[in-house]
Structures are given as structure tokens and as C-alpha cells.
Amino acid sequence: MEDLTGNTTFADLALRPELVEALSSLGYEEPTPIQRESIPPLIAGQDLLGQAATGTGKTAAFALPMLQHLETDNRSKNPTGLILVPTRELAMQVSEAVHKYGRALGARVLPIYGGQPIGRQLQALSRGVDVVVATPGRAVDHIKRGTIPLKNIAMVVLDEADEMLDMGFAEDLDAILGALPTERQTILFSATMPKRIESLARRHLSNPTTIRIEAPVVAKGDAPKVRQLAFMVPRSHKPAALGRILDVEAPAAAIVFCRTRVEVDQLTETLNGRGYRAEALHGGMNQEGRDRVMARVRSGNADLLIATDVAARGLDIDLLTHVVNYDVPSAPESYVHRIGRVGRAGREGVAITLAEPREHRLLENIQRVTGDKIAIEKVPTISDLRNRRMELTLETLRETLLDDDLDRYRTIVESLTDEFDLFEVALAAVKLTHEATTGAEDEVEIPEVEVRRAKDRKNDRGDRSDRGDRGDRDKKSKKNKDRSIGVDSTRLYFPIGRSAQVRPGDLVGAITGETGLAGKQIGSIEIADKFSLVEVPEKSADDIIRAMKKTTIKGRKVVPRRERFQRFER
Ligand code: AMP
């Protein structure tokens, strides 16, 4: 069964009803290209070699087939699925995704990574687990101890295989795959396909289906002429960042694309709360509802349309000035298609993409395919926003002075000038206009995110492992000037930032000066206007907080605390 627009649906992929139901409640409207291509051969039991980056929907592409064959009752305590991932961060994310998709099936998922007490992992394993998501180092530890029963493993996934090889896990992978039953399905996903990956695949996959989400060829001149911008924003700051970007861009009419229905609804609510007239449009709405929304957009009674790809397909809105991708689209063709909605008939168009740091590769891929440059810009700061709001107030007043008949207010001004100076009266009027046109001010600073190019990221991964004892990785970490200390780290919030002229060196100096820590043990540093975030080893965090009570930075007492929001949420 295809949907109204003739596209493949999740039901077409022959997924069991519990999974189709789960996807629908998550608001997924249709499979992404990698899901469309991978799920049928995987359900049919084939091995698979897939080239796909983060953000393409690859997790669901392997997780759904893994859950497809889960027994409903009387499940064994032994896992039937094993997913190997390079980092702790990814282990947690993938576990969470499998858990979400398999909730109605009661899927028991366990992430296993270094740095976490092994006792807790053993307890969970003895209670019974269906899917284990592990970093290779910790998986090998368990296999050596005989604490992961492998005899029922029917499907194994190597996720981000190129990263795992870069981190020196090649031998571990061979050891793990060698210890699994030979009668099993093997899936390998990698963002790149260097020779080493091909050779790993030759050794462990049998007659695999090969999938590469082909980059579409866009003929020169076909891509629309549009100003293309991207902003790197941590997920938890996205709604505020979008609000701020829209305030500065002040689009006449914009469409904002989200991945899921749930996201569409949430964002519509947030933006309405910010004073926009935003309307949601998604596949969960009936035709009448959609028509009503479109009528409001066309008549200019709504300025933002928040939509999924499916719902927006076939819509022809002439007056759009801005297209916003709330997430990086899962495939370049989707990006090209979306931004083709602006910049028509010689009008200027703007395409804005919000990207999480981990989606940087997808963004690079889009630029490669389209041949267009996407400029990475800084999210407007609170002070940029204030300036812009002042400008808008000035423009509003200027238009009023030029166009409107103001005579009927003359008596008010005259009676006030008996009592006050004319200039003061004008100031009060400007204040009222400003407050009425620009709404509430938001005071939360959004941290600046460092943009990493592929080659930096590759070096960086070298020391993001869960075991620091591998020669291969150690060599890389010595070379690594770009900093992220990765897995066993946490971030500290320092209430001092750019406005106090703080530089990374000041923070590193204060920390190393007061604690026994070496500079290289301090990871990434983000400096915002009013605060800074510093990545430090988890085990040293409390010592640092204590030590900082005794010192000053830039002449000020600055006591850090642990960062409050979850860093790696999705
Ligand atoms: P991944 O590439 O697996 O990291 O997935 C990227 C993001 O896309 C995740 O936030 C998923 O929840 C989301 N996602 C995956 N498949 C779909 C889909 N078919 N429709 C909408 N969102 C999806």
C-alpha cells in the first residue's frame, strides 16, 4: 500500500504491526531512502554492506529488522541481537532508539561500554536481554569473562565501522565476530568505504546486499539560486536558536521542515509562544484541516508553516521567502527538493539549516552533491537580537511617519508637552512601539559550537575510545591537537564568558594551576557571552569544582557547576 503521493510507506516494508505502530506514534511519516533500501533485504535474512552517514536514519534501518523477529512470548534470556558501535555516546543513543522502536514488543536492550561499573551490566545480563549495544573494547572484556552468552546471536551490526577501525578496534572486531555463531546475519554500516572496510566485509559478510545511498547528480544550474546558511546548534538549544534566527531574518513567509509529526506539533507550539503565527501541517491531519491551514498561509494570516516532507509534498506556495531545515535532511535530494521552494521567478530566497555538531558530515555531503557552498554562521547573540529589534522599531516608526495620518494624536502630544519635554514624550512613544512590535526578550545565551571538518574529526576519534590502553589509539591521541576527551568526560559550566574577555587559555590555566590536571586532559571549550562550558574528565569534576573556589579568573571568583542539560540527547 502506498500513501496518497505514491511513496513507499513503512507498512509496504512488511514490518510487523507493533513496529509500524511505534513509528507512527513517534511521528515518522515515511521511510528514509536508506530504510527503504535496507529493510526488505534485511527482513529476508541477507547480509548487508551499507554506506550511510549519521542523520540518514540508518539506526532504524538495522534496528527495525532486528526487532522484526523478536519472539513475542517465552523469550530466552540470551540476546539475539548485537550492535557494535565506536563510542559510549553512540551506544547510549542506539540503545535508546532500539528501546523506543521495540517498546510495544517489550524489547530488553542493554548498552555496554567502558567506564560503567561492570556489575550493573552483569546483573542486567543475568535478568535477560534481547539486544546488546556495545563498544568493541567492553564487548571483548565480557566475551573473555564468558559473561555475554553469544550462542543465540542471530544478527550482528557493525555501526560506524570506519570509526571503529580508526579507533584501533580492528582486532577486537575480528575477535568478536569470530566468537559468534556462524549461522547469523551480519550488517556493516560505514560512512566511508575505504579498502580496510571492504576487507573487513569480505572476511565477515557472506554474499551481502550492497547499498549506497547514491548521491543524486544535480546538473549545473539546476540547483536554485538561494542564499544558503547553516547554524551549528546543540539539540537542546534548537527551539531558542530558531526563534532568534527567525527574529533576525524576519521572513515574510517561511516553511520550516521537521523530521516527525511530533516535532512539528512541538515546534509550532513553541513558535506560537514566541509571537509567530505558526501553523502545523503533517500527514496526521485530514484534508479539511490541511486546506484550512493552507488558506491561512495563502491569505497572509500565518507567517510560518511547520511541516513534514510528506505533508509539504505537492504544495505550491509562491510567496515563500525562506525554507528552514530544523534538522539536516536525511538525503541530499531532499535538501535540493526543499530549497527548490524558494528563489523562484527571480525572487531572492534563503535556505537555513540547523545542524547538530554530529550532523556535520551530512552537511558536507550536501555541499559536495549540490556543488553549492553553505555558509556556516553564528547563531545571533542576545545583543545581536537587541540591535535587530531596535532596527525593526526604527523601521516601523519611519514607515508610520511617512505613511500615516497622525493628526488625530496631536492633542495627546500637545497636552503632554505642557508637562514634559518633547524629546521625553517621543522616547516614551518609542518604548511602547518597541515593546509592542518585538515581544519578550529571552535571556538564555546559546553556546557557540565549534565546527569540525572531516579530517579534524578523524584525528579526534583516536582518543574517544572506551579503553585508553591501545597503542594505535595512543599514537593518534598524541597527535591530536583538536580536543575532545570524549567518553568518560563531563562538562562544567563556568559563569563567565566572552563579555568578561575570557579566553580558553584562562580557563585551562585556572584549572591546571589549581588541580593536578594536565592541559591535555581538558577537552573542548565553548565560550558564550555570559558563560563557558569546559569538558573535563568525569572523575576530576568534583575536585575541579572544589579547587576553583580557591581561585579567581580574570579577577573574579568563578565557581563552576556541572552542566545541567543532557548533552547527547536526540
Ligand atoms: P540516524 O541517522 O539513525 O542517527 O537518525 C537520524 C534522526 O532521524 C534520528 O533522530 C531519528 O529519530 C530520525 N529518523 C529516523 N528515521 C526517520 C523517519 N523515517 N522519519 C523521520 N525521522 C526519522
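Cut-offs applied
Residues numbered from 1 in each chain as written. Predicted model: local features only at pLDDT ≥ 70, side-chain atom pairs only at ≥ 80, totals over all residues. Heavy atoms only, no water. Helix = DSSP H or I, 4+ residues; strand = E, 2+ residues; numbered from the N terminus. Buried < 20%, exposed > 50% of the residue type's maximum accessible area, 1.4 Å probe, protein only. Contact = heavy atoms within 4.5 Å. Areas by Shrake-Rupley, 256 points an atom, 1.4 Å probe, with all protein chains shown as cover. pLDDT = per-residue confidence, 0-100. Pairing = 2+ DSSP bridges. Axes fitted to C-alpha atoms, helices over the stretch in contact; angles between N-to-C directions. Near = heavy atom within 4 Å. Polar contact = N/O pair within 3.5 Å; in protein donor to acceptor, adjacent residues only side chain to side chain. Nonpolar A, V, L, I, M, F, W, Y, C, P; charged D, E, K, R; others polar. Domains from an automatic or database assignment. Phe/Tyr/Trp six-rings, centres within 6.5 Å; stacked < 30°, edge-to-face > 60°. Lys NZ or Arg CZ within 6 Å of the ring centre and 35° of its normal. Parallel < 35°, antiparallel > 145°, perpendicular 65-115°, else oblique. Left-handed = near helix turned anticlockwise from the far one by under 90°. Salt bridge = Lys/Arg side-chain N within 4 Å of Asp/Glu carboxyl O. Core = buried A, V, L, I, M, F, W, Y, C linked by side-chain atoms within 4.5 Å.

## Considerations on the overall build of the protein chain
Counting its regular elements, the protein chain contains 22 helices and 20 strands. Taking all 570 residues of the protein chain together, the buried fraction comes to 52%. A separation threshold of at least 6 residues defines the contact pool for the protein chain, and within that pool the share at least 24 residues apart is 76%. Accessible surface, the protein chain as shown: approximately 26900 Å² in total, 51% of it carbon and sulfur.

## Some details on the confidence of the model for the protein chain
Looking at the protein chain as a whole, its pLDDT mean stands at 83, while 86% of the residues score no less than 70. pLDDT under 50 marks residues 1-5. Its contacts with residues more than four places away, or in other chains, come to nine contacts. A low-confidence stretch, residues 452-484 stays under pLDDT 50, and its non-local contacts, those more than four residues away or across chains, total 68 contacts.

## So, the sheet that holds strand β15 (residues 489-494)
The strands making up a sheet associate through backbone hydrogen bonding, with each pair oriented either parallel or antiparallel. Spatial ordering of the open sheet is given by β16-β17-β15-β20, a layout of four strands whose pairing is antiparallel. This sheet does not close on itself; its edge strands, each paired only once, are β16 (525-527) and β20 (561-562). In this structure, β15 lies alongside β20, joined through two bridges in antiparallel fashion. Across the sheet, residue Leu492 finds its bridge partner in β20, namely Arg562. Across the sheet, helix α21 (residues 504-514) is in contact with β15, β16 and β17 (532-537); its angle to β16 comes to roughly 125°.

## Here's the deal with the site of the ligand
Residues in close proximity to the ligand total 16 residues, the closest being Tyr28, Gln35, Gly55, Gly57 and Thr59. Note that a nitrogen atom of the ligand is positioned 2.8 Å from one of the side-chain N or O atoms of Gln35. Backbone polar atom of Gly55 to an oxygen atom of the ligand: 2.6 Å apart, as the coordinates give it. Within the complex, 91% of the 500 Å² of free accessible area of the ligand lies under protein. Residue composition of the shell around the ligand, by class: three nonpolar, eight polar and five charged. When residues of the shell around the ligand are sorted by domain, at least three fall in each of domain 1 (11-212) and domain 2 (226-380).

## So, the environment of Leu177
Summarising the element assignment, Leu177 is placed in helix α8 (residues 170-179). Assessed through its relative accessible area of 3%, Leu177 is described here as buried. As a C-alpha pair, Leu177 and Leu158 span 19 residues in sequence and 9.8 Å in three-dimensional space. Those residues in contact with Leu177 that lie beyond four places of it in its chain are Val156, Leu158, Arg184, Thr186 and His204.

## Considerations on the packing of aromatic side chains
Going through the model one piece at a time under the given rule, you end up with three aromatic pairs. Relative to Tyr101, the ring of Tyr28 has its centre 6.1 Å away and its plane inclined at 70°; by these criteria the two rings are edge-to-face. One end of the pair, Tyr28, is in the loop between α1 (17-25) and α2 (33-43); the other, Tyr101, is in helix α4 (residues 88-101), with 73 residues separating them in the sequence. Since its relative accessible area comes to 22%, Tyr28 is described here as partly exposed. Here the aromatic rings of Tyr493 and Phe531 are separated by 5.1 Å at their centres, their planes lie at 20°, and the arrangement is stacked. You can see Tyr493 sitting in strand β15 and its partner Phe531 sitting in the loop between β16 and β17, a full 38 residues away along the chain. Note on Tyr493: relative accessible area 22%, which makes it partly exposed. When its relative accessible area of 8% is taken as the criterion, Phe531 is described as buried. Here the guanidinium or amino end of Lys238 rests over the ring plane of Tyr326, the centre of that ring lying 5.3 Å away.

## What about the packing of helix α14 (residues 332-339) against helix α15 (residues 360-370)?
The interhelical angle for the contact between α14 and α15, taken along N-to-C directions, is 70°, at an axis separation of 9 Å. The orientation of α14 with respect to α15, classified from their angle, is roughly perpendicular. Note that α14 runs across α15; the crossing there is right-handed. Between α14 and α15, the residues in contact are Pro332, Tyr335 and Val336 and Asn365, Ile366, Val369 and Thr370, respectively. Each residue belonging to the contact of α14 with α15 can be placed in one class, and the counts come to five nonpolar, two polar and no charged.

## Let's talk about unusual backbone geometry
Of note, Glu160 is a non-glycine position whose phi angle comes to about 50°, a positive value. In this structure Glu160 comes out as buried when scored by relative accessible area, which is 13%.

## Topic: the pattern of salt bridges
Here the structure, examined in full by the defined rule, presents 31 salt bridges. Arg203 is the partner of Asp174 in a salt bridge, and the nearest nitrogen-oxygen pair spans 3.2 Å. Of this pair, Asp174 sits in helix α8 while Arg203 sits in helix α9 (residues 195-204), placing them 29 residues apart in sequence. Its relative accessible area of 28% is what places Asp174 among the partly exposed residues. Each member of the salt-bridge network shares a partner with another, and the members are Arg235, Lys238, Arg259, Glu263, Asp327, Glu356, Arg358 and Glu359.

## Some points on the nonpolar core
Leu15, Leu64, Ile83 and Tyr101 are the most contacted members of the largest nonpolar core, which has 38 residues in total. Here the element with the most residues in this core is helix α3 (residues 58-68); it accounts for seven residues. Once residues within four sequence positions are removed from consideration, Tyr101 is found in contact with Leu19, Ala22, Leu23, Leu26, Tyr28, Ala60, Ala63, Leu64 and Leu67. Core analysis: the second largest hydrophobic core is formed by 32 residues, Ala302, Leu305, Val323 and Val342 among them.

## Regarding the side chain of Asp159
Within the secondary structure layout, Asp159 lies in the loop between β5 (155-158) and α7 (161-166). A relative accessible area of 0% means that Asp159 is categorised as buried. A distance of 3.0 Å separates polar atoms of two side chains, one belonging to Asp159 and the other to Lys58. Not counting the four nearest positions on each side in its chain, Asp159 is found in contact with Lys58, Phe62, Leu84, Val85, Pro86, Leu90, Val94, Met164 and Phe189.

## Description of the pairing of β17
The buried count for β17 comes to six of six residues, which makes it a mostly enclosed element. Here β16 runs beside β17; their pairing, made up of three bridges, is antiparallel. Across the sheet, the residue bridging to Ile527 is Ser532, located in β17. Linking two consecutive strands that pair antiparallel, namely β16 and β17, is a turn of four residues.

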